Amino acid sequence: FLSRAERSGASGNIFSGDIFQAMGTPFAVVPFVKENTNFSKVGTATLIFSDSRTASLTYDVNGVTVIKQITRQVIGFYNLTGTYFGALKRDGSGCVSAALNGSQTNPAIYSVTHTVATGTLTMTEIGGSLCNFSGSTQVFGSLLEGSGNFTCAAENITGTWTMREGRPSPNAFSALLALRPNGDSCTLSATIGGLKP
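Calculation notes
Residues numbered from 1 in each chain as written. Predicted model: local features only at pLDDT ≥ 70, side-chain atom pairs only at ≥ 80, totals over all residues. Heavy atoms only, no water. Disulfide = S-S within 2.5 Å. Helix = DSSP H or I, 4+ residues; strand = E, 2+ residues; numbered from the N terminus. Core = buried A, V, L, I, M, F, W, Y, C linked by side-chain atoms within 4.5 Å. Buried < 20%, exposed > 50% of the residue type's maximum accessible area, 1.4 Å probe, protein only. Contact = heavy atoms within 4.5 Å. Pairing = 2+ DSSP bridges. Axes fitted to C-alpha atoms, helices over the stretch in contact; angles between N-to-C directions.

Novice: Residues and numbers for the state of the cysteines, please.
Specialist: One way to say it: the disulfide is the covalent bond shared by the sulfur atoms of two cysteines. A full pass over the atoms with the stated rule returns 2 disulfides. The disulfide partner of C95 is C186, and the gap between their sulfur atoms is 2.1 Å. Linking C95 and C186, the disulfide has an S-S dihedral of approximately 100° and is accordingly described as right-handed. Within this pair, whereas C95 is found in the loop between β6 (82-92) and β7 (102-115), its partner C186 is found in the loop between β12 (172-181) and β13 (188-195), the two being separated by 91 residues in sequence. Here the disulfide map of the protein chain reads 1-4, 2-3, the bonded cysteines being numbered as they appear in the sequence.

Novice: Describe the nonpolar core, and please don't skip the residues or the numbers.
Specialist: Ranked by size, the top nonpolar core spans 26 residues in total, and within it L88, F133, W161, L177, L179 and I192 carry the most contacts. Elements with a contribution of two residues or more to this core: β6, β7, β8 (120-126), β9 (131-140), β10 (143-152), β11 (157-169), β12 and β13. Setting aside anything within four residues of it in sequence, one finds I192 in contact with A87, L88, Y110, M123, F133, F173, S174, A175 and L177.

Novice: Outline the sheet that holds β11, listing residues and values.
Specialist: Taking strand neighbours around the barrel as the criterion, the 8 strands line up as β6-β7-β8-β9-β10-β11-β12-β13 in a closed arrangement whose pairing is antiparallel. Sheet twist, expressed as the mean angle between neighbouring strand axes with direction ignored, is 30°. As defined by bridge partners, β10 adjoins β11 across 8 bridges and the pair is classed as antiparallel. Counted as the bridge partner of T151 is T158 from β11.

Spelled out as structure tokens, the structure:
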């Protein structure tokens, strides 16, 4: 078993700890009784996440080193189709258009159409700055990732978006977005989410 892992790395994306072997009665014997004196360190393990869905696992047991690339496995599919009360919060800096700089939160009602089989996603905002999103998604574990195009009619902004850490559930969703307005060199960091009434 792995002891309590220590977290490190500039982004806090590295976890490492010692691997111990415990001796006791066979698991088929009930109750299982461990022998407190027979814990021995047999190696170390390090897990390095490159993003929210992939990592490299390196472990050494009794002098044998193994390196494995791991990724999230699909757990299930949520259909996000529905109406949500939510908001879009965005932060920008260094944009040519001064209106895109600073922090802005737009409460809104979202009408979402999601086709699970193809991953096609559209989010139409009712009210607020009238930002609409269209594109496609993929499932990694229980998370969604995606990309596509957006328009914010009230501000006359168009561009592309990418989504990470999309968290769907039966009655809510949230996601982190990177918005890249056309004709500008900046990227807006955004969070979007909502609850079904």
